[in-house]
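# Architecture and fold: a report
The chain contents come next:
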Amino acid sequence: MKPIIEFCISNLANGSQAALEILEKDPNLDIIEYGCLSYCGKCYSSLYALVNGEIVTGDNPEGLVENIYTYLEENPMF
């Protein structure tokens, strides 16, 4: 089972698109885009993604990617 990374389409437009494009190159991740993830306050204030259902944020796309991989290392699925 692969980790699931979920992105909100509005947050992609706000800058997390670059992070999504980097993560899509990793065959060990499942990347999903949604119209809305219902975290509007978080979406407005920062770049974020849901990683296995938990919010992970970043100041920029590269920071978001780094934080996602850090989260995955610290929270293995098994």
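Our subject in this report is the structure included herewith. (Residues numbered from 1 in each chain as written. Predicted model: local features only at pLDDT ≥ 70, side-chain atom pairs only at ≥ 80, totals over all residues. Heavy atoms only, no water.)

## So, the sheet that holds strand β4 (residues 54-58)
Formally: Two strands pair under a simple rule: DSSP has to find at least two bridges between them. Put simply, DSSP H or I for four residues or longer makes a helix, DSSP E for two residues or longer makes a strand, and each gets a number counted from the N terminus. Axes here mean lines fitted to C-alpha atoms, for a helix over just the part in contact, with angles spanning 0 to 180 degrees between N-to-C directions.
Spatially, β2-β1-β3-β4 is the arrangement adopted by the four strands of the open sheet, whose pairing is mixed. For this open sheet the edge positions go to β2 (30-34) and β4, each flanked by a neighbour on one side alone. Ignoring strand direction, the axes of neighbouring strands in this sheet form an average angle of 30 degrees. In this sheet, strand β3 (residues 47-51) lies alongside strand β1 (residues 4-8) in antiparallel orientation, the contact comprising two bridges.

## Quick look at the side chain of Ser16
Cut-off, in case you're wondering: Note on contacts: a residue pair is in contact if any heavy atoms of the two residues lie within 4.5 Å.
Along the polypeptide, Ser16 turns up in helix α1 (residues 9-23). Apart from the residues lying within four places of it in its own chain, the contact partners of Ser16 are Phe7, Asn11, Leu47 and Leu64.

## What about the pairing of β4?
Sheet topology places β3 next to β4; five bridges connect them, and they run antiparallel. Bridged to Leu50 within β4 is Ile55.

## Quick notes on the pairing of β2
Looking along a regular strand, one sees side chains alternate from face to face of the sheet. Our working rule: When the strands point away from the viewer and the connection leading from the first strand across the helix to the second strand turns clockwise, the crossover is called right-handed.
As paired strands, β1 and β2 are joined by five bridges and run parallel to one another. Residue Glu6 lies in a different strand from β2, and its bridge partner there is Ile32. Crossover β1 to β2 through α1 is right-handed.

## Focus on the packing of α1 against helix α3 (residues 61-74)
Relative orientation and spacing of two packed helices are given, respectively, by the angle between their axes and the distance between those axes. Let me state the cut-off plainly: Any angle that falls under 35 degrees is termed roughly parallel, while one over 145 is termed roughly antiparallel, one within 65 to 115 roughly perpendicular, and all others oblique. Two helices cross in a left-handed way if the nearer one is turned anticlockwise from the farther one by less than a right angle. They cross in a right-handed way if the turn is clockwise. Following the grouping adopted for this structure description, the nonpolar residues are Ala, Val, Leu, Ile, Met, Phe, Trp, Tyr, Cys and Pro, the charged ones are Asp, Glu, Lys and Arg, and the polar ones are all others, Gly among them.
Between α1 and α3, the least distance of the axes is 8 Å, while the angle of their chain directions is 50 degrees. Relative to α3, the element α1 lies oblique. Pair α1 / α3 crosses with right-handed handedness. Two secondary-structure elements touch here, α1 through Gly15, Ser16, Ala18, Ala19, Ile22 and Leu23 and α3 through Pro61, Leu64, Val65, Ile68 and Tyr69. Counted by class, the contact of α1 with α3 contains nine nonpolar, two polar and no charged residues.

## Side note on α3
An α-helical turn contains 3.6 residues, so a residue and the one three or four places further along point in the same direction. Using the following cut-off: For a helix, the expected span equals 1.5 Å multiplied by the number of residues minus one. Only protein chains enter the accessibility calculation, which uses a 1.4 Å probe. A residue is then buried if its area is under 20% of the maximum for its type, exposed if over 50%, and partly exposed in between. Whenever two N or O atoms come within 3.5 Å, that pair is a polar contact, provided that in protein one can donate a hydrogen and the other can accept it, and provided that, for residues adjacent in sequence, both atoms are side-chain atoms.
With 14 residues, α3 extends 20 Å from end C-alpha to end C-alpha; this agrees with the ideal 20 Å at 1.5 Å per step. Residues of α3 that are buried: Pro61, Gly63, Leu64, Val65, Ile68, Tyr71 and Leu72. On its buried face, α3 sits against β1, α1, β3 and β4. The backbone nitrogen of Glu62 lies 3.2 Å from a side-chain oxygen of the residue at the head of α3, namely Asn60.

## A closer look at α1
Worth spelling out the cut-off: Bending is quantified residue by residue as the angle between axes fitted to the seven-residue window ending at that residue and the seven-residue window starting at it.
End to end, α1 covers just 15 Å across 15 residues, shorter than the expected 21 Å (1.5 Å per residue, more than 12% under). Gly15 marks the point of greatest bend in α1, at about 100 degrees. Of the residues making up α1, those classed as buried are Asn11, Leu12, Ser16, Ala19, Leu20 and Leu23. In the core, the buried residues of α1 are packed alongside β1, β2, α2 (40-45), β3 and α3.

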